[in-house]
Amino acid sequence: MANFYLSQRRHSANVVTFVNQVRARQMANISERAVFVQSPAIDRAHILRSTLLALRPHQWVKNVLLFVPALSAHQFGANILWTLVLSLVSFSLAASAGYLVNDLIDLPHDRNHPEKSLRPLAAGQISAALAVGMCVVLLVVSAAIALKLNIIFASSLAVYIVLSLSYSLYLKRKLMIDVVALAALYGIRVIAGGIVTGAVPSDWLVGFCFFVFLSLALVKRTTELMAQPQTHLGKVAGRGYRRADVSIIAAMMVASGFIAILVLALYINSSDVRVLYHRPVFLWPICAILTYWLGRLYVLTERGEMRQDPVLFAARDRISLTAGGLISMLFFAAM
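Residues numbered from 1 in each chain as written. Predicted model: local features only at pLDDT ≥ 70, side-chain atom pairs only at ≥ 80, totals over all residues. Heavy atoms only, no water.

1. Points about the overall build of the protein chain
Part 1 of the reasoning: Each helix and strand in the protein chain was counted, giving 12 helices and 0 strands.
Part 2 of the reasoning: Secondary structure of the protein chain in N-to-C order comes out as α-α-α-α-α-α-α-α-α-α-α-α.
Part 3 of the reasoning: The buried share among the 335 residues of the protein chain stands at 41%.
Part 4 of the reasoning: Partitioning the intrachain contacts of the protein chain with sequence separation of at least 6 by distance along the chain shows that 71% fall at a separation of at least 24.
Part 5 of the reasoning: Carbon and sulfur atoms provide 68% of the accessible area of the protein chain, an area that totals close to 18400 Å². (Helix = DSSP H or I, 4+ residues; strand = E, 2+ residues; numbered from the N terminus. Buried < 20%, exposed > 50% of the residue type's maximum accessible area, 1.4 Å probe, protein only. Contact = heavy atoms within 4.5 Å. Areas by Shrake-Rupley, 256 points an atom, 1.4 Å probe, with all protein chains shown as cover.)

Right, dumping it as structure tokens:
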């Protein structure tokens, strides 16, 4: 009798196990069908997102420099604003094409880098063929917009593209030439903004911008060198620097920034300032704010806490944004 009940329990258990297995297979089939149905949409969304990230749209904030000549000349008309927006789009598309070319060139190195390996190309999220195709499309659209605006502006865009490609292919591996090239890429944006609006940058503005941009380029290099272990004796991969160069690079970084502030102070104290500003006394506090902001930037860099491009840092940092807001208020108060 005990054997009978034991047999019945075993039979019931087998039935339950069989039913559970059937249900599991059914659920697996449903999941597989769901994945099969949804995966194309998911893949398309993933590729689209990876493609957008490869364009580095967060870097487009640098192209706001196109607005500097018009702002410094106090030109705020609607037509000028629309022209500047179009020029910003043109430069942004060209810049994205340059970033794609840079990523294609640095692909082997980026795959072994702890942070750059997460970039879409290095991570294999988009193909090299797709990146090349996007480069062509971006450059064609960028050139079409530039030609529509102004042939001279289009020429400045061409200079920017050539210098950007030269930087990616060769210049970034050369000692000091790389940071001068980076500063020039910033400066070309300012000059192009003056060309497209007719607001020719003054010598004061050109001098100030060069030293500020040189300082920011040196911040970027100092950050890269600080990230290297102190025991690293050879050159940094893809760069013309060694870890031991960090002290002299940091010294030039600080010197360039404070030379820019000196240029601004000399301008405020000159007779030229009276041409555009009725109350230039309000411009003096800008020197103090810039001294604080640059000094803080340098300290964070020396501590190894600067983990990103300084321009992008400024665009996201609350203190930097506050400093920018105060400078804007003083700028308009001085007019």
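2. As for the packing of helix H5 (residues 128-149) against helix H6 (residues 151-169)
Part 1 of the reasoning: Two elements in contact, H5 and H6, have axes separated by 6 Å at closest approach and are oriented at 150°. For H5 against H6, the interelement crossing comes out right-handed. In contact with Leu139, Ser142, Ala143, Ala146, Leu147 and Leu149 of H5, H6 contributes Ile151, Phe153, Ala154, Leu157 and Ile161. (Axes fitted to C-alpha atoms, helices over the stretch in contact; angles between N-to-C directions. Left-handed = near helix turned anticlockwise from the far one by under 90°.)

3. A word on the confidence of the model for the protein chain
Part 1 of the reasoning: Of the residues in the protein chain, 85% have a pLDDT of 70 or more, and the chain-wide mean is 83.
Part 2 of the reasoning: Note that residues 1-13 has pLDDT below 50 and, in this model, 0 contacts with residues that lie over four places away or in other chains.
Part 3 of the reasoning: Note that residues 26-38 has pLDDT below 50 and, in this model, 0 contacts with residues that lie over four places away or in other chains. (pLDDT = per-residue confidence, 0-100.)

4. Remarks on the packing of helix H10 (residues 284-302) against helix H12 (residues 318-334)
Part 1 of the reasoning: H12 packs onto H10 with a crossing angle of 165° between their chain directions and a minimal axis gap of 10 Å. Here H12 runs roughly antiparallel to H10, going by the angle between their axes. The two elements H10 and H12 meet at a crossing, and its hand is left-handed. On H12, the residues that touch Pro285, Ile286, Ile289, Leu290, Tyr292, Trp293 and Arg296 of H10 are Ile319, Ser320, Ala323, Leu326, Ile327, Leu330 and Phe331.
Part 2 of the reasoning: Class assignment of the residues belonging to the contact of H10 with H12 gives a composition of 12 nonpolar, 1 polar and 1 charged. (Parallel < 35°, antiparallel > 145°, perpendicular 65-115°, else oblique. Nonpolar A, V, L, I, M, F, W, Y, C, P; charged D, E, K, R; others polar.)

5. Quick word on the pattern of salt bridges
Part 1 of the reasoning: For the structure shown, the criterion picks out 7 salt bridges.
Part 2 of the reasoning: Measuring nitrogen to oxygen at the nearest pair gives 3.7 Å for the salt bridge that ties lysine 220 to aspartate 309. Of the two residues, lysine 220 is situated in helix H8 (residues 203-226) and aspartate 309 in the loop between H10 and helix H11 (310-316); the sequence distance between them amounts to 89 residues.
Part 3 of the reasoning: Residue aspartate 309 is classed as buried on the basis of its relative accessible area of 8%.
Part 4 of the reasoning: Between aspartate 317 and arginine 296 there is a salt bridge, with its nearest N and O atoms 2.8 Å apart. Taken together, the residues aspartate 317 in the loop between H11 and H12 and arginine 296 in helix H10 connect sequence positions 21 residues apart. (Salt bridge = Lys/Arg side-chain N within 4 Å of Asp/Glu carboxyl O.)

6. Overview of H6
Part 1 of the reasoning: For H6, spanning 19 residues, the distance from its first C-alpha to its last is 27 Å, which sits close to the expected 27 Å at 1.5 Å a residue.
Part 2 of the reasoning: Those residues of H6 that sit buried are Phe153, Ala154, Ser156, Leu157, Tyr160, Leu163, Ser164, Tyr167 and Ser168.
Part 3 of the reasoning: For H6, the N-terminal capping position is held by asparagine 150, with its side-chain oxygen 2.7 Å away from the main-chain nitrogen of isoleucine 152. (Expected span 1.5 Å × (residues − 1). Polar contact = N/O pair within 3.5 Å; in protein donor to acceptor, adjacent residues only side chain to side chain.)

7. Some words on the packing of aromatic side chains
Part 1 of the reasoning: Applying the stated criterion across every chain yields a total of 9 aromatic pairs.
Part 2 of the reasoning: Measuring from centroid to centroid gives 5.1 Å for tyrosine 186 and phenylalanine 213, while their planes differ by 35°, and the two rings are tilted. Taken together, the residues span a long stretch of sequence, with tyrosine 186 in helix H7 (residues 177-197) and phenylalanine 213 in helix H8 at a distance of 27 residues. The pair formed by tyrosine 186 and phenylalanine 213 is uniform in burial state, with each residue classed as buried.
Part 3 of the reasoning: Judged by centre distance (6.0 Å) and plane angle (75°), the rings of tyrosine 277 and phenylalanine 331 are edge-to-face. In this pair, tyrosine 277 sits in the loop between helix H9 (246-268) and H10 while phenylalanine 331 sits in helix H12, placing the two residues 54 residues apart along the sequence.
Part 4 of the reasoning: Given the relative accessible area of 7%, tyrosine 277 is considered buried. (Phe/Tyr/Trp six-rings, centres within 6.5 Å; stacked < 30°, edge-to-face > 60°.)

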